[in-house]
Amino acid sequence: MGLLEDSVIIVVSQLFFFVGGWIFFVKQLFKDYEVHHRLVQLIFSITFALSCTLFELIIFEILGVLDPSSRYIHWLIVLTMILFMTIVCTPFYIGYFIISNFGMIGGKIVQRVMSFCIWLLYLYLFWRVGDPFPIISPRHGTFSMEQAISRIGVVGVTVMALLSGFGAVNYPYTSMALFIRPVKRSDIQGVEKKLLQTLDMVLVKKRRLAVTKRDNVLSNPGFWNMFPGSKNVVNTLLEEIVSLVELSRHLFLEVAELRTMEERVEWSKSWRGKYFNFLGYFFSLYCIWKIFIVRNKPLTSPSSFQ
């Protein structure tokens, strides 16, 4: 096959991976959230498609699929794109979204300038990560692709180690019935009733606030802000509304947590839940055994690294 046919295969597979990443993001990662940021979904889907394409090219290399020269060209293109997404695009927009969430930092131009400064700081730290490691080769330049890949490898191994430690602790907590708190339906209904009452009180307070402002304007047009009594009533209502809104937010989070716990209780009673409960006990004992072995085996022995 020629370069054109190979490019068609790669592009079609990338579109397939992109659609799969988009569906996975919407249906699995953020299925319980109503607000979806299109740009975040786009960045995730592009990164997901490029990562799957790299894996696909490795499989094609092993199986001898596609022409070797076209595989090399597509490998360079995909690798350059994923390096751009990893080093430039994703860190910049993470910093931009963090700054924009504050809401009190200037306009769009100021936020973008600050995001660019944060990205420069990230780039400096990212490059300094590789200094303690022997990844500098005289055959490659200082700002070559090999240098970037080496530093991504260092960061990737560190992140994978952290995620492995988190998973070793989080998996038993989420899968074992021992850590599931029993929840009654009456408990959920009680909290939901409190939430509805709080929302009703918020509506009543807001209606009263609007009526108070209207009456003050009609009775003292243009001068109602000069009377301290009217201002005190309005300020009191505003403080009560803020307190009730904060209380409703906490009640909503409590309802969501209780419903999640109820779903976990129902899931633990199924065959799948019992299976994962058994795996939780098994891997917990296995981790304890490995910790015991490491503590009682000298690290300098060759067998300790096997």
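Residues numbered from 1 in each chain as written. Predicted model: local features only at pLDDT ≥ 70, side-chain atom pairs only at ≥ 80, totals over all residues. Heavy atoms only, no water.

### Side note on the overall build of the protein
- A count of helical and extended segments in the protein gives 8 helices and 0 strands.
- Across the protein, helices and strands are ordered from the amino to the carboxyl terminus as α-α-α-α-α-α-α-α.
- Taken over 306 residues, the protein has a buried fraction of 26%.
- Across the protein, every contact between residues at least 6 apart in sequence was considered, and the portion connecting residues at least 24 apart equals 67%.
- When the accessible surface of the protein is split by element, carbon and sulfur atoms take 71% of a total near 21800 Å². (Helix = DSSP H or I, 4+ residues; strand = E, 2+ residues; numbered from the N terminus. Buried < 20%, exposed > 50% of the residue type's maximum accessible area, 1.4 Å probe, protein only. Contact = heavy atoms within 4.5 Å. Areas by Shrake-Rupley, 256 points an atom, 1.4 Å probe, with all protein chains shown as cover.)

### Focus on the packing of helix α3 (residues 68-102) against helix α4 (residues 108-129)
- Packing of α3 against α4 brings their axes to within 8 Å, and their N-to-C directions diverge by 130°. Comparing the axis directions of α3 and α4 gives the class oblique. Pair α3 / α4 crosses with right-handed handedness. Contact residues: α3 offers Thr86, Ile87, Val88, Pro91, Phe92, Gly95, Tyr96, Ile99 and Ser100, while α4 offers Lys108, Gln111, Arg112, Met114, Ser115, Phe116, Ile118, Trp119, Tyr122, Leu123 and Phe126. (Axes fitted to C-alpha atoms, helices over the stretch in contact; angles between N-to-C directions. Parallel < 35°, antiparallel > 145°, perpendicular 65-115°, else oblique. Left-handed = near helix turned anticlockwise from the far one by under 90°.)

### Concerning the packing of aromatic side chains
- The full count for this structure, using the stated rule, is 15 aromatic pairs.
- For the pair Phe44 and Phe48, a centre-to-centre distance of 6.2 Å together with 20° between the ring planes defines the contact as stacked. Placement of both Phe44 and Phe48 in helix α2 (residues 38-63) is noted, with a separation of 4 residues, approximately one turn of the helix.
- Here a set of aromatic residues connected by ring pairs shows up, and it is made of Phe24, Phe25, Phe44 and Phe48.
- We note Arg151 situated over the ring of Trp127; from NZ or CZ to the ring centre the distance is 4.1 Å.
- Residue placement shows Lys274 over the ring face of Trp271; its charged tip is 5.1 Å from the ring centre. (Phe/Tyr/Trp six-rings, centres within 6.5 Å; stacked < 30°, edge-to-face > 60°. Lys NZ or Arg CZ within 6 Å of the ring centre and 35° of its normal.)

### Points about the confidence of the model for the protein
- Of all residues in the protein, 84% attain a pLDDT of 70 or more, and the chain-wide mean is 81.
- Here helix α5 (residues 145-175) stands out as the element of the protein with the lowest mean pLDDT, 82, in contrast to α2, whose mean of 90 is the highest.
- When the criterion is pLDDT under 50, residues 300-306 qualifies, and its contacts beyond four places in sequence or with other chains add up to 5 contacts. (pLDDT = per-residue confidence, 0-100.)

### What to know about the side chain of Ser268
- Counting through the fold element by element, Ser268 comes out in helix α7 (residues 228-268).
- For Ser268, a relative accessible area of 18% gives the class buried.
- Contact partners of Ser268, with chain neighbours within four places excluded, come to Ile180, Gly273 and Lys274.

### Things to note about α5
- Between the first and last C-alpha of α5 there are 42 Å, a value that for 31 residues agrees with the 45 Å anticipated at 1.5 Å per step.
- The largest bend in α5 amounts to roughly 25° and is located at Gly167.
- All of the buried residues along α5 are Gln147, Ala148, Arg151, Val154, Pro172 and Ser175. (Expected span 1.5 Å × (residues − 1). Bend = angle between axes of the 7 residues up to and from the residue.)

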